[in-house]
Amino acid sequence: MRYVIIGAGAVGGAVGGRLAGAGHEVVLVARGAHHAALRAGGLRLRVPEGEFTYRLPVVDGPAGLGDLRADDVLVLAVKTQDTEGALDAWGPAPVEGGGTAAERLPLLCAQNGVEGQRMALRRFRHVYGVCVWLPATFVEPGTVSAAGSPLTGILHLGVHPHGTDETAHRIAADLEKARFEAPVVPDLARWQYAKLLSNLANAVEAVTGPVESEAALALVDRVRTEGRAVLDAAKIACASADEQRALRGDKVTLRPLDGAPRGGGSSWQSLTRGTGTVEADYLNGEIVLLGRLHGVPTPLNELLQRLATTYARERRQAGSMPVAELVRLADEAEAAAGKPSRP
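From a predicted model like this one, the values you see are computed outputs, not experimental measurements.

Caption draft 1: Quick look at the overall build of the chain. Secondary structure summary: the chain contains 14 helices and 14 strands in total. What you see for the chain is a C-alpha radius of gyration of 20 Å, in line with the 20 Å of a compact globule of 343 residues. Projected onto the principal axes, the alpha-carbon positions of the chain cover approximately 65 × 40 × 40 Å. Taking all 343 residues of the chain together, the buried fraction comes to 56%. Restricting to contacts in the chain with at least 6 residues of sequence separation, those with at least 24 account for 72%. Side chains of the chain carry 37 positive and 39 negative charges; the gap between the two charge centres is 2 Å.

Right, dumping it as structure tokens:
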């Protein structure tokens with residue numbers, strides 16, 4: 001199979017680079033300065049073993065490939081807010097032998113949250129979800145880093161909305177030859193919603209910086225408690241913290257990388273790069289949506305969704321709000337929603 005990485009940024013670049021390093025055919029899809037750098041100098045992947053350069057085919061859309069191959073796997077690794085544009089571009093792309101990508105090819109949604117695969121299922125017949133546990137950073141155009149060791153990441157796979165099939169197992173086998181663990185599970189949503197709860201902290205980090213202080217950690221706990229209450233009300237199951245720890249163990253331990261500081265998570269990276277958008281509508285916003293559907297107040301996640309999107313839109317500096325100020329706003333939001341004050 002050939003892997004077409006739609007969105008060769010931090011996650012897409014790490015997955016594409018590792019697959020290429022394991023001998024698989026890979027095409028990278030990127031835009032702007034990143035596209036130019038990849039074409040000029042190849043993909044530079046910084047990992048604990050060193051820096052590797054992969055000179056791979058690079059395109060900015062399906063036209064650059066002509067007819068897609070019948071054995072292509074499309075890996076959608078753009079941020080969720082960019083999903084519709086990617087689906088518009090790639091869904092109608094012709095495949096050799098007839099038909100389109102949306103009709104014939106598997107689409108693997110390697111994204112945070114759960115909305116991207118829902119969007120994809122409106123267009124593509126064969127959609128696979130991924131629970132992405134992969135610490136990676138976009139360092140500069142042409143360069144990404146992935147500091148996990150001994151594995152680069154853990155990527156749960158499954159058919160969306162549920163089930164498994166032979167294609168998922170074939171993809172998993174390729175990933176496992178490329179320094180990933182890739183469990184194929186029939187109930188992928190359990191792992192994705194557990195990851196969603198973890199990702200609710202992304203907006204806190206983006207707005208106030210590293211979540212390290214006692215106050216920041218306490219606020220994150222409140223935000224996740226609100227999220228769990230919503231999932232309970234919606235009767236959505238998720239993998240427990242103990243189950244996640246048992247599976248992950250010390251398989252993906254972060255190692256310092258020369259010339260590639262870890263930085264923050266995906267939302268912090270979006271603000272730092274000044275992209276103008278952030279994933280909060282599909283992370284904290286997913287909890288807000290479910291809360292409204294099931295009658296559960298979500299003042300903390302509403303606040304974080306609004307702040308993160310405002311910071312991105314106005315290109316404010318990542319981490320520039322003092323934690324104490326965010327805690328004050330959180331207290332006010334809960335009081336306005338009629339929730340009891342903290343002891």
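Caption draft 2: Local environment of the side chain of Glu-279. When you line up the elements, Glu-279 lands in the loop between helix H11 (266-273) and helix H12 (284-294). Of the buried charged residues, Glu-279 lacks a salt bridge, with Lys-79 as the closest side chain of opposite charge at 4.8 Å. Among all residues touching Glu-279, those that are not within four sequence positions of it are Lys-79, Thr-80, Gln-81, Asn-112 and Ser-266.

Caption draft 3: Looking closely at the sheet that holds strand S5 (residues 58-59). Strand order in this open sheet of 8 strands is S5-S2-S1-S6-S7-S8-S12-S13, and the pairing throughout is mixed. The two strands at the open ends of the sheet, each matched to only one other strand, are S5 and strand S13 (180-181). Sheet strands touched by helix H7 (residues 188-199): strand S8 (126-133) and strand S12 (153-159). Its angle to S8, the strand with the most contacts, is close to 45°.

Caption draft 4: The arrangement of the nonpolar core in detail. By size, the foremost hydrophobic cluster in this structure holds 41 residues, and its most contacted members are Leu-28, Leu-157 and Leu-175. A total of 5 residues in this core trace back to one element, the largest contributor, which is helix H1 (residues 10-21).

Caption draft 5: Looking closely at unusual backbone geometry. Pro-150 follows Ser-149 through a cis peptide bond whose omega is 0°. Considering the arrangement of structural elements, one finds Pro-150 in strand S11 (residues 148-150). With an omega of 15°, the peptide bond running from His-160 to Pro-161 counts as cis. By secondary structure assignment, the location of Pro-161 is in the loop between S12 and helix H6 (166-176). A positive phi angle, near 55°, is found at Lys-235, a position not held by glycine. Mapped onto the secondary structure, Lys-235 falls in the loop between helix H9 (214-233) and helix H10 (241-248). Accessibility expressed as a relative area gives 75% for Lys-235, which makes it exposed. Residue Arg-315 is not a glycine yet carries a positive backbone phi of 50°. Inspection of the secondary structure puts Arg-315 in the loop between helix H13 (299-313) and helix H14 (323-336).

Caption draft 6: Looking closely at the sheet that holds strand S9 (residues 136-140). Taken in spatial order, the 4 strands make up an open sheet running S4-S3-S10-S9, and their pairing is mixed. The strands lining the two open edges of the sheet, one partner per strand, are strand S4 (50-54) and S9. Averaged over neighbouring strand pairs, the angle between their axes works out to 25° when direction is ignored. Strand direction decides the pairing type here: strand S3 (residues 43-47) and S4, joined by 5 bridges, are antiparallel. Directly across from Arg-44, in S4, lies its bridge partner Thr-53.

Caption draft 7: Structural context of the pattern of salt bridges. All chains considered together, the criterion is met by 21 salt bridges. Linking Arg-328 and Glu-325 is a salt bridge whose minimum nitrogen-to-oxygen distance equals 2.6 Å. Note that Arg-328 and Glu-325 are positioned in helix H14 at a spacing of 3 residues, about one turn of the helix. Exposure remark for Glu-325: the relative accessible area of 28% places this residue in the partly exposed category. Several salt bridges share partner residues, and in doing so they unite Arg-18, Glu-49 and Arg-179 into one network.

Caption draft 8: Representation of the packing of H9 against H13. Interaxial distance between H9 and H13 falls to 8 Å at its minimum, and their mutual angle equals 115°. Contacts from Arg-222, Val-223, Glu-226 and Gly-227 in H9 reach Pro-299, Leu-300, Asn-301 and Leu-304 in H13.

Caption draft 9: Molecular detail of the state of the cysteines. Considering all chains together, one arrives at 0 disulfides under this definition. Considering cysteine sulfurs only, Cys-131 is the nearest to Cys-109, which forms no disulfide, with 13 Å between them. Sulfur of Cys-131: no disulfide; nearest cysteine sulfur belongs to Cys-238 and is 11 Å away. Classification of Cys-131 by relative accessible area gives buried; the value is 3%.

What counts, and at which threshold
- Residues numbered from 1 in each chain as written.
- Predicted model: local features only at pLDDT ≥ 70, side-chain atom pairs only at ≥ 80, totals over all residues.
- Heavy atoms only, no water.
- Helix = DSSP H or I, 4+ residues; strand = E, 2+ residues; numbered from the N terminus.
- Rg over C-alpha atoms; globule rule 2.2 N^0.38 Å.
- Buried < 20%, exposed > 50% of the residue type's maximum accessible area, 1.4 Å probe, protein only.
- Contact = heavy atoms within 4.5 Å.
- Lys, Arg positive; Asp, Glu negative; His and termini not counted.
- Charge placed at Lys NZ, Arg CZ, Asp CG, Glu CD.
- Salt bridge = Lys/Arg side-chain N within 4 Å of Asp/Glu carboxyl O.
- Pairing = 2+ DSSP bridges.
- Axes fitted to C-alpha atoms, helices over the stretch in contact; angles between N-to-C directions.
- Core = buried A, V, L, I, M, F, W, Y, C linked by side-chain atoms within 4.5 Å.
- Disulfide = S-S within 2.5 Å.

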